[in-house]
Amino acid sequence: MMRQVQEALNIIMVSKEGIFLKKEDQALEVSLSDKLDFYDIVKMNIEVKKDTSLQICYRNSREIKLDITIVVQPHVTFHLQEMKTAKNTKIQTQYSIFERANVYIHKFYDTSFVREHDVFYLNGYGATVDVSTKGILKEKSTLDMMVYHNFPATNSTIDNQLITIQKGLLKLYVTTIVYPKMRGCKANQNNRILKENKENSMIKPILLIEENDIEASHNAYIAPIDKEMLYYFYTRGLDEKTAKKIYMKGFLKGDFYNVDKYIKKYWR
């Protein structure tokens, strides 16, 4: 599937002052609940009616708990960008993606602690979800993604590329489920954790496939920076510091954030 990134038409800001919708077109409907007293959770419902894009920026300096539901109507193309520079976020997001809808999700983290649970329901023939996650984690974090292929000819691509530094430790769970008679589905996972510390991160890729007529693949990789690649840079006359910067930039590069800012921040 082709990755597409475009400037967001709508922006939601999540900060210590609250949650604010900065721009909105007629393609989106967004509603917020008050905090639930016991768990201190805010619920956000987003319905996507027409082709559009949304950026959600998390910049809070205190803990925030969000329960998000996103419904993408049939034949709609939706681009979602998530920028997380908050210190502490706990987010659960449930996506319902209907017939021939296309959802492209791009995430970037520069955060201490994050706990996320994303569930994607492909609820119509030909529904597609394409997720790209990149970023830097500095403390113990958990990312849990589940994809349900509930209709034939549905497509999912999950691509996670994350770096752990300082006390960063990531537990990454990615589960793809294809039920019997869901013919013609495509389900792909690519999960990579680059370790810049000695913490023991973990990847658990799971493919639960009950249909033969599909295409499915997964890849899981946890390792420090590639020494052979660094050696290649050395042979081209680069010192270790410059070589590492180039390597990290290539690993983290994205289209809706300034990767150089983060390279300078952590690899001076």
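Note that this is a predicted model, so its numbers are computed, not measured. (Residues numbered from 1 in each chain as written. Predicted model: local features only at pLDDT ≥ 70, side-chain atom pairs only at ≥ 80, totals over all residues. Heavy atoms only, no water.)

Enquirer: Where do I start with unusual backbone geometry in this structure?
Expert: Across residues other than glycine, the phi torsion is negative in most instances, and most of the peptide bonds are trans. The backbone of glutamine 166 sits at a positive phi, close to 50°, despite the residue not being glycine. Exposure remark for glutamine 166: the relative accessible area of 51% places this residue in the exposed category. We note that lysine 181 has phi near 70°; this positive angle belongs to a residue other than glycine. Here lysine 181 shows up in the loop between β14 (169-178) and β15 (186-195). Under the relative-accessibility criterion, lysine 181 is labelled exposed at 61%. (Buried < 20%, exposed > 50% of the residue type's maximum accessible area, 1.4 Å probe, protein only. Helix = DSSP H or I, 4+ residues; strand = E, 2+ residues; numbered from the N terminus.)

Enquirer: Looking at this model, I keep getting lost on the sheet that holds strand β16 (residues 202-209). Mind explaining?
Expert: Either a parallel or an antiparallel arrangement is found when strands of a sheet pair, and the pairing is made through backbone hydrogen bonds. Taken together, the 8 strands give an open sheet; going across it, the order is β3-β4-β6-β8-β10-β12-β14-β16, and neighbouring strands pair in mixed fashion. With partners counted over all chains shown, the strands left at the sheet margins are β3 (28-32) and β16, one partner each. For this sheet the average axis-to-axis angle between neighbouring strands, irrespective of direction, equals 10°. Across 10 bridges, strand β12 (residues 140-149) lies against β14 in parallel orientation. The residue of β14 that forms the bridge with histidine 149 is valine 178. (Pairing = 2+ DSSP bridges. Axes fitted to C-alpha atoms, helices over the stretch in contact; angles between N-to-C directions.)

Enquirer: Help me understand the sheet that holds strand β1 (residues 10-15), please; the structure alone is not making it clear to me.
Expert: Read across the open sheet, the 9 strands follow the order β2-β1-β5-β7-β9-β11-β13-β15-β17; overall the sheet is mixed. Only two strands of the sheet have a single neighbouring strand rather than two, namely β2 (18-23) and β17 (215-224). The sheet shows a mean angle of 10° between the axes of neighbouring strands, direction not considered. Pairing of strand β5 (residues 52-58) with strand β7 (residues 77-84) involves 7 bridges; the strand directions are parallel. Its bridge partner lying in β7, serine 53 is registered against histidine 79.

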